[in-house]
Structure formats: C-alpha cells, structure tokens
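# Descriptive analysis of the structure
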Amino acid sequence: MRITELLDRRSICLDGAPTSKGEALDQVVDLMAKSGKIRDVEVYRKEVYHREEESTTGIGAGIAIPHGKCDAVEKPGLAAMVVKKGVEFDSLDGQPVHLIFLIAAPNTEDNIHLDVLSKLSMLLMDETFIEKLKGASTPDEFLEIIDAADDEKPDLDDQLAAQSSQTLTDAACRILAVTSCPTGIAHTYMAAEGLEKAAKAKNCFIKVETRGSGGAKNVLTEQEIQEADCIIIAADAQVPMERFHGKKLIECQVSDGISKADQLIERAIKGDAPVYQDGNPTAVSRKNASSGGAHKIYTQLMNGVSHMLPFVVGGGILIALAFLIDGLSVDVNTLSDEARSAFGTITPAAATLKGIGDLAFSFMLPILAGFIAMSIGDRPALAVGFVGGVIASQGKSGFLGALLAGFIAGYLILLLRKIFEKLPQAIEKIAPVLLYPLFGILLMGLIMNFIVEPPIGALNTGLNTALTNMSGSSKILLGLLVAGMMSVDMGGPFNKAAYVFGTASIAAGNYDIMAAVMIGGMVPPCAIALATLLFKNKFTKEERESGPVNFIMGLAFITEGAIPFAASDPLHVLPSCVIGAAVSGALSMAFGCTLMAPHGGIFVFPVVGNALMYLISLVIGTIVGAVLLGILKKRVTE
C-alpha cells in the first residue's frame, strides 16, 4: 500500500498555526475527520491523546507522528500539517515541531497503520524530503512529493535486504546493528535508517536487524556476527544477546540511533567498545541512564511477568467459568459442607474446565521464575529457574518463593559460568548442555529445599498459631488481619495461613471469618482491574489490555489474577492491595457477613449471610485499593 492512498487532500494543512501541543493535536484530528474515515471523532481524539500520554510522538528533528488505533476509525488514514513557525510538542530533542503526520487505523488484526508508519518513519529521516514537504504550496504538490519519495524509497523489507548485498570492498569497518523499541514502530526503523546513513557516510559496511512490531527482520547470521568488527545494540526492549559473546559491542538507547548515529559509528570504527561476555550484563557499559540496578531488576521481573500472563488469564477465566456452571446448576444451600468444598467441580462440565484451568495455573510460577532467570543468565538459566518455580509452587513459599527462585537461578548460572571458564576449552563447550543444567538444577533444588522453604514453612506455621490464638479477640481486627494477609503474597505463606484458618473456622461454625478471608482474596484483582481503567498512565499497554479480565477473576475469588501486576511493581501494588483487602475484611466483620462455602466468589453469594452489605464491603475495598494504586504507582513511559 502506498502512503498517498491513505492521505486525502482534504486532510492536509500547509499553514497550521497551533500555539500548543494540545491545540496541534486537536487540529490534526479535525483534519483527519474531514476525510470521512472516522466513525466517532471524539472517541478517536481521546485515543490519540491516550497514546500521547504513554510517550511523546515528537520524534525530534521537527517531526511528530501522533497516532490512534480504535473502533472509532472506519478506514485507515493519514492527516498532515505544516507548522511553519513551529509548536512546542515535548519532542525527544526538545525542539519545536514543524511537520505533523497523524495516523488513524481501525481496530483490526492487519495492523496496517504499523506498516505505513514504519515506511513513513524512514522517509522522514531524509532532510531533503522534509524540506520539500514544508515548502509545498498546495495539497496536490504535497502529495506529489510523497509519491515521488515513495517510488524512490524501496519497501522496508527490500531496503533491509539490500543491506546484506553491500560490498565489503574498501569498507573502513564491518558493523552490525540491532534496533528495537517497546512499541516497535517509529523509533525502531528510524534508528535503523540513521545508523545506515551514518555508516555509509564513513564508508562502512553495515547491516541492521530490526525487531519491530512485525517481528525480527533482516536477522543477523552467525557468519556475519563472526566477521563483524563491532556490534551496535540501539534498543529499549530486550534483544537476544548470547550470539554476540566475545564481540566488541556498544549498547545504547534506541533514540541514540536516531540522534547520535554519527557518534556511534565513530566509536565502532575506533573500536571504542567493551567485549561482550554472554550472560554478564555488567560487561557491557550501557550509555543509558535508566539502565541502573533498579531498571535491570524491573526489566528482569517484566520478562517473567509477560510470559506468565497468558497462563493467568486463560486459566483464570476457565476456573471462573467452572464456578459459574456449578452456580447455575446446583443449589448451594442444599449442599453439605463436604460438597461445598468441592464447588467448581460438582458437575462434569465444571470439573473439566476447572481441571484445565488448574493445569494452566500450575505453570504460572515456574514460568515466572524461569523467564526471570533467563533474563539474567540467558538460556542456560531457564531450566534452573523452572525447577525453582516448581519447588515454590508445590512447597510453602508460593509466589514470593518463585520470585526469589528466578533471581537465584539467574545469578547461579552467572556464577557457574565464571567457574567453568577455567576448564579446558573442549570441556567448556559442553557446559551449556551438560554442566549448567546438572549443577544448576542440583544447586537450585538444594537452595530451595534447605534454605528458602524451611523458614517460609516455619513462618506459615507461626501465622496459623497466631491466628488461632487471637480468634477470640476483636472480630473487626481479626477480619482486617486475615483479609489483608490474603493479599500480602497471593499464594504464599501469609495467604495460605489465612485461607487454612478460614476453612478451619467453617468446621468450627465461625462463618464470619471465612467471609472476611474470601473478600480479602477478591479485592486485589478487582482493585487492579479498576485502576487500569481509571489510571491508564500508571500501567503498560499490556497491563491495560489484560487488566479488565481481573474483574472476572476477582469476582470468582481467583487472587492469582493480581500476581503479574504485583510481580512487576511489588513495592507499590502490594501495599495498595493489602490495605484495600483489609478494609473490606474489617467491614465484612463489622456488618456481620458470613460464608459457609470455602470458595466460589460471587457464585456462592446465595449462601452469604447479609449479602448486600458483603457486596458493599467488596466495592469499598476495591475502590480504596484502586485509588491507592493510582496514588502510589509511578507513571509509565512506553
């Protein structure tokens, strides 16, 4: 598809004069509306502003590419505005914007706006092209300039493939590069274009692998890596690094590939780069100010969370459906205590769904630990982390134990790698397939079983004893405590202690305690779901998309739906959820709510005593938790 096929002449303004970024966005949205491609202008305008809140689309050099993809768009389209005097746009380089391209795309799977944006981004790296556009006197001339450039510039795939056919004759340096950004749209391809232009100016051979929205393209081969003089990694997203072991490597932000391409190529020519050691992040001197210890830990956590999320969502919805089927099929009030404990598996259909959902959940903690470990120690750490996660999930340490296992496994592999470096080369070659798995899994098992699990088990026993001893004291305080504990570690010793205490209380006829326990487990997912809707700038795109699913899991008393969010930002998420859950538990006790079933969430409300006030308690706790999340969590920049 050609760029001009998306750009209607009615959506071009050559004499724009906005006085602010907001005014500029409003004007280009109105231009887009003139093309008739927008079904609901205000919904689309809101989406454009929402995208801008994630990170500025002012990419520097006087260019901005705002965009929005939603159901309000009927057909994909472009709008363009020339601002001769410039307008402040919070651009990456701090300079005013003189040329704005707005992209609209329907909410379909073809992602056509990403393909067009990638091609347009590379065209906008050409200063001559930009000057011609700014100098156009009519919309028709503006379109002709774009058409001519579109003809001259090969498609993205062709352009990247052409790099591989460059001749090495008389090349000053052989350079390979990888570019990537979190969204994989503009910056990925603009950095590739910037590096290619800078390399050609210095008579250097270069091949750039782009890891954008359409996946990895122009992938570097093993032979090319071996023959390269230097590697440049301009990326703000994770890039497979083990293949660059032993090569001189420069690592930087993706924006540096756009604004500092000349400097990067100059460093590569001079060999001003450390030698990368596989699995040792400290061997590479990052020029990214955000790549400190806290940022690395966050990146490692998110690698585990992003891989765990599909298991949580898929398994959680299946379990919720199982509870729904049993809730519609049987009268809970007529069931015995023993039958109520099997709620969710009473009917064959429910039992099947819950079995599949439980199986998906069983992978959750091993996946979390395994991919945290892999982000630290690369592929050899994956199996070690998996084993640690399984031990945590089957033992007493749960969610917190799996988090700990992931980091232990990653750094354990780094330690083994240093030890095995001293072995003869012939033996060192078999280390990844024999020595790392053997010693890594052995040590992981010993550490988890004899160092991590015992204190967690002792903690669990102590908590149960403490709860039993205080069961006769203030009921409101007890409700606050057990509900808060359900949210502390979401499957760990605090959660298990509270739940076991609640189920044991049913047998003793103390139904109010189980009510507080269950509401404490329902609040965290519900609070997170509400927060992703109210405070969108505090969550990543992936978290916002999966957030509403937590309403289903929370109402079904599936606390695990909150784990991915807690794992990515435990210092802010856990306190918010604990306080919200504790408030709900205290209110449940204060209102005299009771529950005679140990599970089921909203599907067992028929057996809840004082159900209306129980629902009000849940709503209040959810709101408290969501508001605290909005206050405590930091704004996310994508």
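Residues numbered from 1 in each chain as written. Predicted model: local features only at pLDDT ≥ 70, side-chain atom pairs only at ≥ 80, totals over all residues. Heavy atoms only, no water.

### A look at the overall build of the chain
Along the chain, the regular secondary structure elements total 26 helices and 13 strands. A total of 638 residues make up the chain; the buried ones form 53% of that total. Pairs at least 24 apart in sequence give 73% of the contacts found in the chain among residues at least 6 apart. Taken as a whole, the chain presents about 26300 Å² of accessible surface, with 60% of it coming from carbon and sulfur. (Helix = DSSP H or I, 4+ residues; strand = E, 2+ residues; numbered from the N terminus. Buried < 20%, exposed > 50% of the residue type's maximum accessible area, 1.4 Å probe, protein only. Contact = heavy atoms within 4.5 Å. Areas by Shrake-Rupley, 256 points an atom, 1.4 Å probe, with all protein chains shown as cover.)

### Re the nonpolar core
If you look at the biggest cluster of nonpolar residues, it comprises 90 residues, and the most contacted ones within it are L368, F399, M518, L595 and Y614. Of all the elements, helix α21 (residues 511–534) adds the most residues to this core, at 13 residues. Contacts of L368, omitting those with residues within four sequence positions, involve G304, V305, M308, F399, A402, L403 and A567. The next biggest cluster of nonpolar side chains, apart from the first, holds 32 residues, and it includes I63, V82, I103 and I258. (Core = buried A, V, L, I, M, F, W, Y, C linked by side-chain atoms within 4.5 Å.)

### Remarks on α21
Helix length check: α21 (24 residues) gives 34 Å between terminal C-alpha atoms against 34 Å at 1.5 Å per residue, within 8%. The largest bend along α21 reaches roughly 30 degrees and is located at V523, with the proline P524 sitting one to four residues downstream. Most of α21 is tucked away, with 21 of its 24 residues classed as buried. (Expected span 1.5 Å × (residues − 1). Bend = angle between axes of the 7 residues up to and from the residue.)

### Here's the deal with a nonpolar patch on the surface
Residues L438, F439, L442, L443, L446, F450 and I451 make up a contiguous nonpolar surface patch of about 680 Å² in total accessible area. By the secondary structure assignment, L446 is in helix α18 (residues 431–470). (Patch = residues over 30% accessible without salt bridge, like charges linked within 9 Å, V, L, I, M, F, W, Y side chains within 5 Å. Salt bridge = Lys/Arg side-chain N within 4 Å of Asp/Glu carboxyl O.)

### Details of the pairing of strand β7 (residues 174–180)
Most of β7 is tucked away: 6 of the 7 residues are buried. Of the strand pairs in this sheet, β7 and strand β8 (residues 205–212) are connected by 7 bridges, and their pairing is parallel. Bridge assignment links R174 to a residue of β8, and that residue is F205. Where β7 and strand β10 (residues 230–235) come together, 6 bridges link them in parallel fashion. Residue pairing across strands places V178 opposite I233, the latter belonging to β10. (Pairing = 2+ DSSP bridges.)

### Regarding the packing of aromatic side chains
The tally for this structure, following the rule as stated, stands at 8 aromatic pairs. A centroid spacing of 5.9 Å and a plane angle of 40 degrees characterise the contact between F311 and F363, whose relative ring orientation is tilted. Placement of the pair is F311 in helix α11 (residues 293–329) and F363 in the loop between α13 (348–362) and α14 (364–377), with a sequence separation of 52 residues. Under the relative-accessibility criterion, F311 is labelled partly exposed at 26%. Taking relative accessible area as the criterion, F363 reaches 40% and is therefore assigned partly exposed. Between F420 and F439 the ring centres are 5.9 Å apart and the planes differ by 55 degrees, which places this aromatic pair in the tilted class. Separated by 19 residues along the polypeptide, F420 in helix α16 (residues 398–420) and F439 in helix α18 bring together distant segments of the chain. The class of F420 is buried, set by a relative accessible area of 9%. Over the face of the ring belonging to F89 we find K21, whose NZ or CZ atom lies 5.0 Å from the ring centre. (Phe/Tyr/Trp six-rings, centres within 6.5 Å; stacked < 30°, edge-to-face > 60°. Lys NZ or Arg CZ within 6 Å of the ring centre and 35° of its normal.)

### Examining the pattern of salt bridges
Counted according to the given criterion, the structure contains 20 salt bridges. With a shortest N-O distance of 2.9 Å, R10 and D8 are connected by a salt bridge. The salt bridge partner of K21 is E52, with a shortest N-O separation of 3.1 Å. Here E52 lies in helix α2 (residues 41–54) and K21 lies in helix α1 (residues 21–34), a separation of 31 residues in the sequence. Pair check on accessibility: K21 and E52 agree, each one buried. Here the salt bridges share partners, and the residues they tie into one network are D26, D30, E42 and R45.

### Some details on the confidence of the model for the chain
Across the chain, the average pLDDT comes to 84, with 87% of residues at or above 70. No element of the chain has a lower mean pLDDT than helix α6 (residues 156–164), at 54, and none a higher one than helix α26 (residues 611–632), at 95. Counting interchain partners and residues more than four positions distant, the pLDDT-below-50 stretch residues 280–292 has 24 contacts. (pLDDT = per-residue confidence, 0-100.)

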